[in-house]
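Next come the chains, spelled out residue by residue.
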Amino acid sequence: MTTATLVRQTRPKPTGHIPDRSIYERRESEVRSYARAMPRQFSRAEDVWMYDNQGGRYLDFLSGCSTLNYGHNHPVLKKALVDYISADGITHGLDLHTDAKAEFLETFESLILKPRGLDYRAMFTGPTGTNAVEAAIKLARKVTGRELVIAFTNAFHGMTLGALACTGNAAKRSGAGVPLSHVSHEPYDGYYGADVDTAALLEQRLSDPSSGLDEPAAILVETVQGEGGLNAASPEWLRAIAGITRRHGALLIVDDIQAGCGRTGKFFSFEGMGFTPDIVTMAKSLSGMGLPFALTLFSPELDQWSPGEHNGTFRGNNHAFVTATAALRHFWRNDAFEKDIRRKGDLLSRRLSAMAAEFGLSTRGRGMMRGIDIGSGKVADTITLACFAAGLVIETSGAHDEIVKVLAPLTIDEAIFSAGLDILEESIRTVMTGSYSVAAE
C-alpha cells in the first residue's frame, strides 16, 4: 500500500459548507448543543466514520458520548438486530418475559457476572442513564431508611431531579427550577491537590456527631468522572470510600454509565480495585449500538421492591437486548478484547502525554477515556473547532470545558487512531501557537 493510499484511507474528508438549517432553527428547541459545534447534517455512519449529506467523511472521536464503544453499525450487531426485526420479534418495552430478555440475562450472567464473581440482580429502569441513577438512589433510601446521598465535586449523574441533585455542574443544576436537596457534595480524589486525603476528610466528617453531616443512605461515585473533566480516582481512594460506606451503614453506588463497557479497559471500571459496589448503574454502550438501554445492578438482598413500585413504559428495550447480547458474545467471550483496549489505551496515553509535554500541559483519565487539560475552556473549544474543520469529531469536558476529551471507538484501527491523534496534535499546536483563526462559516 502506498503512502498516498494509506492517507486516503485513514484521513477524514470534511465538507466546507454548512447545509440548510432552517428547519432546525424554525422548529427545534434552542436547547440543542452538539449541532452547534458540529454544523453538518449527518446521513450515515460506519465503523469509526460519520458521513454528512454532502459527501463529507468525519472521524469520530466522540462515539456518541461513549454510547458507541464498538463503533457505528458494527456488522455483527447489525445482523442480529435485522434478523430479530425480520422475524417480527417483540418490540415494546414493558417488563414481560421475552426471548430477547432471557438471552441477554443468560449471556450477561455467564460472560460478565460469573467470571467476575459478581452476584447482582438486574433492574431495567428506563431508556437512559439518569433513569438508572434515579432507581439506584431511590432503592438506597428505601433499604436504609435514610435520605442523604453523598456525591462528589465535579460529578455528573443525569438531568432528572434526583440524579441532577447528585450532579455538581452549576449550569446543569440551574435548569431544575426547584431546590436540589438531600445530597451533600464532598471533595473527590485530588480535589484539593495530591497532598490532601479527601477520603480521610469524609471519614472525619461522618464520624463527628457535630459535623452537621447526616448518616447517608448511599455514597455515589464515578471511578472516572467523564463530564467532570476525566478525573480518575486512585484504587486506594476508592477502597477507602468503600470502607467508609460499610462502616457507616450506607450503600456504595458506582456510576459506570460512561466509564463501563470497556471504556476504561475492563467491562466494569472498578474491576481489580479490591472492592465490590452494592449497586452499579449502566447505560450508554450497554446496547452496543447506540440503542437506549439502562440497567441498575444490585446485590440480591437489596431487591426489596414491591412489584411495580418503580416502573415505566420503557423497562427494557428488546432491540437493545438483542444487540447487547450480540456485543457480549462477540467482544467479551474471552480476554482478547480487553488486551486490545489496553494496548490502544497505552498508545493514547503516550500520544497525549507527548502533546501535553510540548506546551507544559497535563493529561487526565484512564484507559480509552483520556484527555488533555488545556487550562482554558475558550482555548479548548477553539481546538475542537480546529479538529472539526479537519474532519475530527471531538468534544470538551470539565468544570470550565477545559479538557479536550478523546472517546474514540474501542474497535478503532490503530493506523486510523494514530491519524486522528495526528489531527488533534496539529490542532493543538496551531491553536496554542496562535496560528489558527476561527473562520466565520
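Rules used throughout
Residues numbered from 1 in each chain as written. Predicted model: local features only at pLDDT ≥ 70, side-chain atom pairs only at ≥ 80, totals over all residues. Heavy atoms only, no water. Salt bridge = Lys/Arg side-chain N within 4 Å of Asp/Glu carboxyl O. Helix = DSSP H or I, 4+ residues; strand = E, 2+ residues; numbered from the N terminus. Contact = heavy atoms within 4.5 Å. Phe/Tyr/Trp six-rings, centres within 6.5 Å; stacked < 30°, edge-to-face > 60°. Buried < 20%, exposed > 50% of the residue type's maximum accessible area, 1.4 Å probe, protein only. Lys NZ or Arg CZ within 6 Å of the ring centre and 35° of its normal.

K.L.:
Honestly, the pattern of salt bridges in this entry has me stumped. Any pointers?
P.N.:
Pairing of side chains with opposite charge becomes possible as their charged atoms draw close. As enumerated under the stated definition, the model contains 23 salt bridges in all. Taking the shortest distance from any N to any O, the salt bridge between Glu-30 and Arg-36 comes out at 2.9 Å. A single network of salt bridges, built from pairs that share partners, joins Arg-351, Glu-358, Asp-422, Glu-425 and Arg-429.

K.L.:
Help me understand the environment of Ile-257, please; the structure alone is not making it clear to me.
P.N.:
By secondary structure assignment, the location of Ile-257 is in the loop between strand S10 (251-255) and strand S11 (279-282). Along the sequence, Ile-257 and Leu-295 sit 38 residues apart, while their C-alpha atoms lie 9.1 Å from each other. Beyond its immediate chain neighbours, meaning those up to four positions away, Ile-257 contacts Gly-129, Val-133, Thr-281, Met-282, Ala-283 and Lys-284.

K.L.:
Is there a simple way to explain the packing of aromatic side chains in this structure?
P.N.:
Each aromatic ring pair is specified by the distance between its two centres and by the angle formed by the two planes. Per the counting criterion, the structure on display carries 23 aromatic pairs. Between Phe-152 and Trp-237 the ring centres are 5.2 Å apart and the planes differ by 65°, which places this aromatic pair in the edge-to-face class. Of this pair, Phe-152 sits in strand S5 (residues 149-152) while Trp-237 is found in helix H11 (residues 235-247), placing the two residues 85 residues apart along the sequence. The class of Phe-152 is buried, set by a relative accessible area of 2%. Positioned above the aromatic ring of Tyr-51, the side-chain terminus of Arg-44 is 3.9 Å from the ring centre. Sitting over the face of the ring of Trp-49, Arg-57 holds its NZ or CZ atom 3.9 Å from the ring centroid.

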